[in-house]
Structures are given as structure tokens and as C-alpha cells.
Amino acid sequence: AKRSPPQPPAASRHRAAAPLLARSSLRRAAPAVRVWRPTRGQAQESALKTLGTDGLFLFSSLDTDGDMYISPEEFKPIAEKLTGSTPAASYEEEELPPDPSEETLTIEARFQPLLPETMTKSKDGFLGVSRLALSGLRNWTAAASPSAVFSARHFQPFLPPPGQELGEPWWIIPSELSVFTGYLSNNRFYPPPPKGKEVIIHRLLSMFHPRPFVKTRFAPQGAVACLTAISDFYYTVMFRIHAEFQLSEPPDFPFWFSPGQFTGHIILSKDATHVRDFRLFVPNHRSLNVDMEWLYGASESSNMEVDIGYIPQMELEAMGPSVPSVILDEDGSVIDSHLPSGESLQFVFEEIKWQQELSWEEAARRLEVAMYPFKKVRLGRVKARVRLHGQRLGAVEQQLGTGSGRTLRETVLESSPILTLLNESFISTWSLVKELEELQNNQENPSHQKLAGLHLEKYSFPVEMMICLPNGTVVHHINANYFLDITSMKPEEVESHLFSFSSTFEDPSTATYMQFLKEGLRRGLPLLQP
């Protein structure tokens, strides 16, 4: 029996019939022609009935252009997963012709998985959290690649721009997000192919896990660097990278693993033909250093769970300086890399004499300010003004704050008027609730106990903004969620005695935050008078 050709999807049949309908209608009354096509919302509703919530979520994760059809290119990840095949990499670095005389180095990955007991949800035994949701996290127990060989030339993106001064930050990968652009989709599984300077960072992070996203969903993204030492032939470059990983694949829901930062250094020759040293790691000196978010639904508006935790070790380190792949003599002939005894040839490297140097602490501060301009403090003027502006986080410090903490950084803390006032009249800082609790329980330091207690007394989950005096007295505070709620209301809906919206700023949140700071100054300054 002859098989009939497969029928196109319902929406496709509507489109195919449209020209015939139009031609037949034109003979009668052209102005009456109307062709029905389902809207995207109707198509999604139909798909939801057909596939169910989980099925629609999987379908939507593959339908990257949102046209409610899966093209061969969009189906590719599923095909690769089912067949077990992976396409050949097409990254820009592999387009460079191999050079047998170039130097290579071996980089080793050291990885200790996240400690589940450090997650907030561990306190109630992960009540309400399905085991499937955390499967990607639980199964990630080792680095994807324990070691890998890199060419020295691959690290060329770490070289500074011409004329770069010691300690002056520059962007290796610029952040493309701002308060105006919003953030990138949560509903993704596979990273976009890296381009240009992203390639080396993608390759390095892939040693930890096969799905690194070089650009985070939220600002500030990218990678920033600065020179910390300069010699006649070498640079030491310190860097800070904001990247994250997707631990799930279809049909599971997305699970985002976002370390607070990757930092490290590289010592390389000025022509990038030799790498003397390289190290990249997630700082582990604080009690929490990872943000996690996972979805429970099939769209961007689906419920999202958030948590924080601590990963003891996530580190890459060069096993030694880069060495030639092939050793040539003066005539260009290949020399055996092993001695008659069978031992490998040992390379001797000259000592680098640095002419300019900058401390690690100062470089780290400058990179932090490059990522977060609101953290800039003119230290020379601190003694002339007493100031403190704090935020107590139920999330994590600096770049890790989830939800409302992140929203504050991407809105009011990006505002020039706010940054100006903070820089003139306040010292900005972040504190982890977990660490404040540890200080409060530390019997050996009563003064720290008292200060921590004063702040915890005013704290409410998830983020509390506080203005306090040097002695710890909180003169003004507001919960971040409440702040976001009132700034999303219409001016007439806000009680006048709480906040009023100024016409000076178009953005209500900026105006309200400015008023919050000024009210703190009004209450605090009289208490500082001798």
C-alpha cells in the first residue's frame, strides 16, 4: 500500500490554504477576505493542551526563535543527545594554523563539589524540593576534564591593550547588559558558541563542566583585567570573570549554578608566545560563594527557586611554564626531547625582574570597582566625613545577591546621582547574615557580638538596606522587597508619610532610594556632632 505523505502541522495547513481561499474569495467580494491564523498565545495554549506543562517546557527550550516550530537546527541538541554524537567544534581558535614550534602548557583542574549542608534549604531537609530538580547538582562530583593542554598563543586575549597603565582595568569581555537592556533568558540549556576572546575562557571553564555560559544572565557580565606587574618582556595580569553553568539538560528544567566570581592571574610574555604561570579559581574565603536558581515551569514567568551555598574548591592551575612542542637545534633539526638515560630534558627559565608592581589586594579592589562602580570609595576623604551605608543580605555578598539584591544593583546602584551621593557621604558595604550570626555567637569578641546583634535585630529576609553609625546604631533601614513593592506602585497609592516621588528623577526607584539615603543622613548627622 502506498503511504500518503505526512500531514503538516495544523498551523502550516492554515497557511497553505490561505492563497486558495484568497483567490476564490476575490471573485465574489475582495474586501471580505479574512484569513484566520492562530496567534502565538493561541498556539501556545494549543500546545499546552497537547503536550502538557512539561512537554511544552521541553518544546519551548528547543524553540529558540519562539515561532512554535522546531527547525532541524533547533532539534540538533536533542539529536546529538539521542545519537551520542557531538559536532566538531568550530571555535575561532581552531581556525589558526598549527605551529609545531609553538609552546604548550598543561592545565590541571581541581574540583570539590558544593557542600549540600551549606544550602539554606538543607535546614528543613530540602522540604518541597524535588530530587529531580537537584539531580544535576548532585551528579556533579568531579571536573569534566582533569587536565588539558593549551597553546600559549591561546592566552593572547589576556594581553593588555597598547599603552595600558599598571592597575588600570580594561575589559576582556565587555558587559552587554544594563538597566535598559534587562537580563538574558533563564529558559536555556546550551551556551551560544563563543566568539573572539570568549573562546579561551569558554575552553577553560569547560574543564569544570560541559555547559559554561561565558556571559551571565544578569549584569555585570564579562571579564575584566588589570596589570599587576610589568617587566621588559613579561606582564602579570590579574582578572575577574563572571560566568555561570547550566547543570541540566532536557527534559529536566534549567538549573543555574553561578559562582560569585572567578579570579586569578597569568604571567605571559608580551607577544603571548610563552606563559610562565596561570591560575583561575573561585574564592573560598567567605562562608558562601555560589548562587543557584532553578525553574519549576515552562516559561520565563514560571516559578523559580533560589538558594546559596559553598563550594570548597573550583580551580585551574598550570603544571608549569609553557614549553616548545618540538625542540629544534640551530640548524632547524628536531632534537630528541629525552636524554640517553630516558629522562626528559629539563628547561631552565630566566628570572623575571619586575620594574613595576601592584599588590593583589589593590588590584582586586580595582577590578571590583570596575564591575560595581558604587563600591568606589575615595579613601583620602574618609576621615573628613563619617559615613556608612550597608545592606544585610540573606543571599550572598557582592555580585551574588539574588532577586531583590540583584535588582537593586541593576537599577538604583547604576544611577549617577545615587553613586555621587554614596561616594560623597557614605561607606558602602555588604554583610552576609550567616557571618553576622557567627559573629553574634562568638563569645571571644564582645564588641563584634554587639555590632552583629544591632544589625541582625533590624534584618528581614531577603535583603535589608541599612544606614548606621560607626558604633553600629542603625538610624534608618528598609527591606528591599518592600522598597521594590512601593516603587512599582503609582505615586497616589503610596502613603505620603512613607515616601514621596520627586519629579527630579524619572525613575521612581531612583527617587525613592535617594530619599532613603537623605533621610538617613538627616537622622544620623546630628548624632555624630561632638
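See above for the structure.
Structure report, in brief. (Residues numbered from 1 in each chain as written. Predicted model: local features only at pLDDT ≥ 70, side-chain atom pairs only at ≥ 80, totals over all residues. Heavy atoms only, no water.)

1. Describing the pattern of salt bridges
Scanning the entire structure with this criterion turns up 17 salt bridges. A salt bridge links Glu362 to Arg366; the nearest nitrogen and oxygen atoms lie 2.8 Å apart. One end of the pair is Glu362 and the other is Arg366, both in helix 6 (residues 360–371) and four residues apart, which spans about a single turn. Look at Arg366 and you get partly exposed, because its relative accessible area is 28%. (Salt bridge = Lys/Arg side-chain N within 4 Å of Asp/Glu carboxyl O. Helix = DSSP H or I, 4+ residues; strand = E, 2+ residues; numbered from the N terminus. Buried < 20%, exposed > 50% of the residue type's maximum accessible area, 1.4 Å probe, protein only.)

2. Focus on helix 12 (residues 508–524)
Its 17 residues place the ends of helix 12 24 Å apart at the C-alpha level, agreeing with the 24 Å of an ideal helix rising 1.5 Å per residue. Buried within helix 12 are the following residues: Ser509, Thr510, Ala511, Thr512, Tyr513, Met514, Phe516, Leu517, Gly520, Leu521 and Gly524. (Expected span 1.5 Å × (residues − 1).)

3. What about the packing of helix 9 (residues 433–440) against helix 10 (residues 446–458)?
One can describe the packing of helix 9 onto helix 10 by two numbers: an axis separation of 7 Å at closest approach and a directional angle of 135°. Considering their axes alone, helix 9 and helix 10 lie oblique with respect to each other. Relative to helix 10, the crossing made by helix 9 is left-handed. Taking contact as the criterion, the partners of Val433, Leu436, Glu437, Leu439 and Gln440 in helix 9 are, on helix 10, His448, Gln449, Ala452, Gly453, His455 and Leu456. Split into classes, the residues belonging to the contact of helix 9 with helix 10 amount to five nonpolar, five polar and one charged. (Axes fitted to C-alpha atoms, helices over the stretch in contact; angles between N-to-C directions. Parallel < 35°, antiparallel > 145°, perpendicular 65-115°, else oblique. Left-handed = near helix turned anticlockwise from the far one by under 90°. Contact = heavy atoms within 4.5 Å. Nonpolar A, V, L, I, M, F, W, Y, C, P; charged D, E, K, R; others polar.)

4. Observations concerning the packing of aromatic side chains
Where two aromatic rings form a pair, the distance of their centres and the angle of their planes describe that pair. Under the defined criterion, the tally for this structure stands at 17 aromatic pairs. Both rings, one in Phe483 and one in Tyr513, keep their centres 5.7 Å apart while their planes meet at 80°; by these two values the pair is edge-to-face. With Phe483 in helix 11 (residues 480–487) and Tyr513 in helix 12, this residue pair connects regions lying 30 residues apart in the sequence. Each member of the pair, Phe483 together with Tyr513, is buried. An aromatic cluster of three or more residues is present, and its members are Phe111, Trp140, Phe208, Phe245, Phe257 and Phe262. The ring of Phe126 carries the charged tip of Arg138 above its face, separated from the ring centre by 5.6 Å. Stacked on the ring of Phe281, the Lys or Arg Arg279 has its end atom at 4.0 Å from the ring centre. (Phe/Tyr/Trp six-rings, centres within 6.5 Å; stacked < 30°, edge-to-face > 60°. Lys NZ or Arg CZ within 6 Å of the ring centre and 35° of its normal.)

5. Re the pairing of strand 10 (residues 275–281)
Within strand 10, five of the seven residues are buried, leaving the element largely enclosed by the surrounding structure. Between the antiparallel neighbours strand 9 (residues 262–269) and strand 10 lie five residues, among them Ala272 with a positive phi of about 60°. As defined by bridge partners, strand 10 adjoins strand 13 (residues 313–318) across three bridges and the pair is classed as antiparallel. Along strand 13, the bridge assignment pairs Phe281 with Glu315. (Pairing = 2+ DSSP bridges.)

6. Focus: the sheet that holds strand 8 (residues 255–259)
Strands belonging to one sheet form pairs held by backbone hydrogen bonds; the direction of such a pair is parallel or antiparallel. Read from one edge of the open sheet, five strands run 4-7-8-11-12, paired in antiparallel fashion. Both outer strands of the open sheet, strand 4 (212–213) and strand 12 (304–309), are each paired with one neighbouring strand and no more.

7. Some details on the pairing of strand 11 (residues 290–295)
Taking burial as the measure, the six residues of strand 11 include six buried ones, the bulk of the element. Side chains Val290, Met292 and Trp294 project from strand 11 onto one buried face, and the interleaved Asp291, Glu293 and Leu295 project onto a second face that is buried too. For strand 8 and strand 11, the ladder comprises five bridges, and the chain directions are antiparallel. Across the sheet, residue Ser258 finds its bridge partner in strand 11, namely Asp291. Of the strand pairs in this sheet, strand 11 and strand 12 are connected by six bridges, and their pairing is antiparallel. Bridge pairing in strand 12 links Asp291 to Ile308.

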